[in-house]
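This is what each chain is made of:
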Amino acid sequence: MSKNISWDTTGNWEAKGDWGTASSGNQIVAAGPVDRPATAVDGLDLAHWQARLDELRAAHHVPGAGLAFLVDGKVYELASGVLHRGTGVAVTTDSVFLCGSIAKVYTATMIMQLVDEGKLDLDAPVIDVLPEFAVPDPEATKTITTRQLLSHTAGLTNDFNLDTGRGDDCLTKYVAAAREVALDCPPGTAFSYGGVGYVVMGRMIEVLTGTTWDQAVQDRIAIPLGLERTVTLPEQALRLRTAMSHLGEAGMDPDPAPAWDLMPRSAGPAGRIISSAGDMVRFAQMHLAGGAASDGTRVLSAESAAAMQRREIDCPDKWTVSGDGQGLGWVLNDWNGVGGFGHDGAAVGQYGYLRIVPSAGVAVVLLTNGGGARQLYADLFRELLREFAGVTMPEPFGPAAAPPAIDIAPHIGTYKRAGVVITVSERDGKAHMLYEFVDDMKDMSPPLDIDLIPVSETVWAGTGAGPSFSEGYMPVIFSTLANGIPCVYVGTRATPKTA
């Protein structure tokens, strides 16, 4: 049995390959929640949205989903399907899911709390707080700031996976090992999505609070906001109604995964929040309210809440995570002139989506446990955001029916970053890309063999990469770093051209 694991496009564990055959003798494909809402509440037709969730979830082969939304200052929660296709246990509104990279916004929130407390300067070097922090470039080590880590402009990579054990020193060990990991690009030259920087900030939180990152999530976010279904560790999740991970081929009902989660504890600040949809909407509500909880408790200053939502840098890849810019933790959206922010997450087949529209006071969360979650998100959120916030989400990314005639020649070459080599070429008269994991990542996943279809001179649509990248085609964007070096964006990571 082969076991291939890689970081997906939102920066979390994605399992691929032959994991063996899960028993299907007593599986239940779908079941409704045990706590269905009333037909209408506060004028909202919840029965309609329950039906749409049920229909779209089944159509996209998602075993189970939790949905919550904030409208007119009130939180509404729905549930659909099963937590585990092998047991048939129903999803309820108090069920929790692995939320992957949405954890980054929780880490960013705690960093901004420390700014409020005067314990941290966003524009001071990281080494002022964490002297052991380093990257292979000594000059970069001296200059990388917390603001750059928050906005993914420090150049730290995403594809460095290291299990440093279950002990409370796991982040300390990870930061020490990451000293030798090459940067994706020089600090300050480009946006490049990097989970390593968020683990570094997790360690900074530990140093400045005197506790573990996991405990800090409880002390500084969950408890002040009354989030009883927001945890970070497997043993905490065991007391809750927890979704099982599912894996399978696109367009088919997935089977329960052999393991619930494969993410090491050290990845927590970048990729492990376990939450119910309702808890996550209440976390979003605090950010919408300028850092105040619903009972008035001040969790974050209004200045810091606003700073997190302020654009730090544009992102050339406007499609992979449905955002065209980056704030301090938040991914920023522009839906045909209506601004918003949010984050995506994924972890071993479980996918989460958080979107917030400040002008309408609306937040929506969808948490899932496998299947075509990206398609479910796209179909459902198009309807929800149009209804509640007047938002018209863009159509799915992809080439025109008659693509423009554009030569791939200017982009042909080899692009390299830590753990990844991307080769762009022309094959049989067509543009082609080979995406390979190398060095310490070489056994993580098979290479991606992708045909490229032109969308514009710099934007190309990749085929056959799987639905986790987009609703159909994988965005491939050619750009240039601030230092003049060409690069290619795949999964929001900048990979510089080397040959």
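Here the structure is a predicted model, which is why all the values come from computation and not from measurement.

Undergrad: So what's going on with the overall build of the chain? Which residues, and what values?
TA: Per the secondary structure count, the chain includes 12 helices and 23 strands. Here the chain holds 499 residues, and the buried ones make up 60% of them. The contacts of the chain with a sequence gap of at least 6 include a subset with a gap of at least 24, amounting to 62%. In the form shown here, the chain has an accessible surface area of approximately 17900 Å², with 51% of it arising from carbon and sulfur atoms.

Undergrad: Provide a residue-level description of the packing of aromatic side chains, including the pertinent values.
TA: This model, assessed by the stated rule, comprises 11 aromatic pairs. Pairing W319 with F397 gives two aromatic rings, centres 5.0 Å apart and planes at 45°, and the pair type is tilted. One end of the pair, W319, is in the loop between β10 (313-314) and β11 (325-326); the other, F397, is in the loop between α12 (373-389) and β16 (413-417), with 78 residues separating them in the sequence. A relative accessible area of 27% places W319 in the partly exposed class.

Undergrad: Describe the sheet that holds strand β14 (residues 350-357), listing the residues and the values that go with them.
TA: Strand order in the open sheet formed by eight strands is β4-β3-β15-β14-β13-β12-β11-β10, with antiparallel pairing between adjacent strands. Edge positions in the sheet fall to β4 (74-81) and β10, since each of these pairs with one other strand and no more.

Undergrad: Lay out the sheet that holds strand β5 (residues 97-98) with the relevant residues and their values.
TA: Pairing is antiparallel in the open sheet, where three strands are placed in the order β5-β9-β6. Edge positions in the open sheet fall to β5 and β6 (230-231), since each of these has one partner strand only. Of the pairings in the sheet, the one linking β6 to strand β9 (residues 274-275) comprises two bridges and is antiparallel in character. Bridge assignment links T230 to a residue of β9, and that residue is S275.

Undergrad: Account for the packing of helix α6 (residues 195-209) against helix α7 (residues 213-225), with residues named and values stated.
TA: At a closest axis distance of 9 Å, the pairing of α6 and α7 adopts a crossing angle of 70°. On the basis of their axis angle, the class for α6 and α7 is roughly perpendicular. In terms of crossing hand, the pair formed by α6 and α7 is left-handed. Residues G202, I205, E206 and T209 of α6 form the contact with α7, whose participating residues are W213, A216 and R220. Partitioning the contact of α6 with α7 into residue classes produces three nonpolar, two polar and two charged.

Undergrad: Explain the side chain of H152 to me, using residue names and the numbers behind them.
TA: Tracing the backbone shows H152 in the loop between α4 (146-150) and α5 (170-177). Judged by relative accessible area, H152 falls into the buried class, the value being 2%. Here G194 takes part through its backbone nitrogen, which lies 3.1 Å from a polar atom of the side chain of H152.

Undergrad: So what about the nonpolar core? Which residues, and what values?
TA: With 77 residues, the main nonpolar core has L156 and V200 as its most contacted residues. Not counting chain neighbours up to four residues away, the residues in contact with L156 comprise F133, V135, I144, L149, L183, D184, S192, Y193, G194, V196, G197 and V200. Of all hydrophobic cores here, the second largest spans 32 residues; its members include V62, Y76, L78 and L376.

Undergrad: Tell me about unusual backbone geometry, and please be specific about residues and values.
TA: At D72, a residue that is not glycine, the phi angle is positive and equals roughly 55°. Its relative accessible area of 71% is what places D72 among the exposed residues.

Undergrad: Summarise the packing of helix α2 (residues 103-116) against α6; cite the residues concerned and give the values.
TA: Where α2 contacts α6, the axes come no closer than 10 Å and their chain directions differ by 40°. In terms of their interaxial angle, α2 and α6 are classed as oblique. As for how α2 packs across α6, the hand of that crossing is left-handed. Between α2 and α6, the residues in contact are K104, T107, A108, M110, I111 and L114 and G195, Y198, M201, G202, I205, L208 and T209, respectively.

Undergrad: Please give an account of the side chain of S151 that cites residues and values.
TA: As for its placement among the helices and strands, S151 is situated in the loop between α4 and α5. What makes S151 buried here is its relative accessible area of 2%. Engagement of the side chain of S151 in a polar contact is seen with the backbone oxygen of R147, the distance being 2.8 Å. Among the polar contacts listed, one links the side chain of S151 to the side chain of T153, at a separation of 2.9 Å. Other than its neighbours up to four places away in sequence, S151 contacts F191, E312, I313, Q326 and G327.

About the criteria used
Residues numbered from 1 in each chain as written. Predicted model: local features only at pLDDT ≥ 70, side-chain atom pairs only at ≥ 80, totals over all residues. Heavy atoms only, no water. Helix = DSSP H or I, 4+ residues; strand = E, 2+ residues; numbered from the N terminus. Buried < 20%, exposed > 50% of the residue type's maximum accessible area, 1.4 Å probe, protein only. Contact = heavy atoms within 4.5 Å. Areas by Shrake-Rupley, 256 points an atom, 1.4 Å probe, with all protein chains shown as cover. Phe/Tyr/Trp six-rings, centres within 6.5 Å; stacked < 30°, edge-to-face > 60°. Pairing = 2+ DSSP bridges. Axes fitted to C-alpha atoms, helices over the stretch in contact; angles between N-to-C directions. Parallel < 35°, antiparallel > 145°, perpendicular 65-115°, else oblique. Left-handed = near helix turned anticlockwise from the far one by under 90°. Nonpolar A, V, L, I, M, F, W, Y, C, P; charged D, E, K, R; others polar. Polar contact = N/O pair within 3.5 Å; in protein donor to acceptor, adjacent residues only side chain to side chain. Core = buried A, V, L, I, M, F, W, Y, C linked by side-chain atoms within 4.5 Å.

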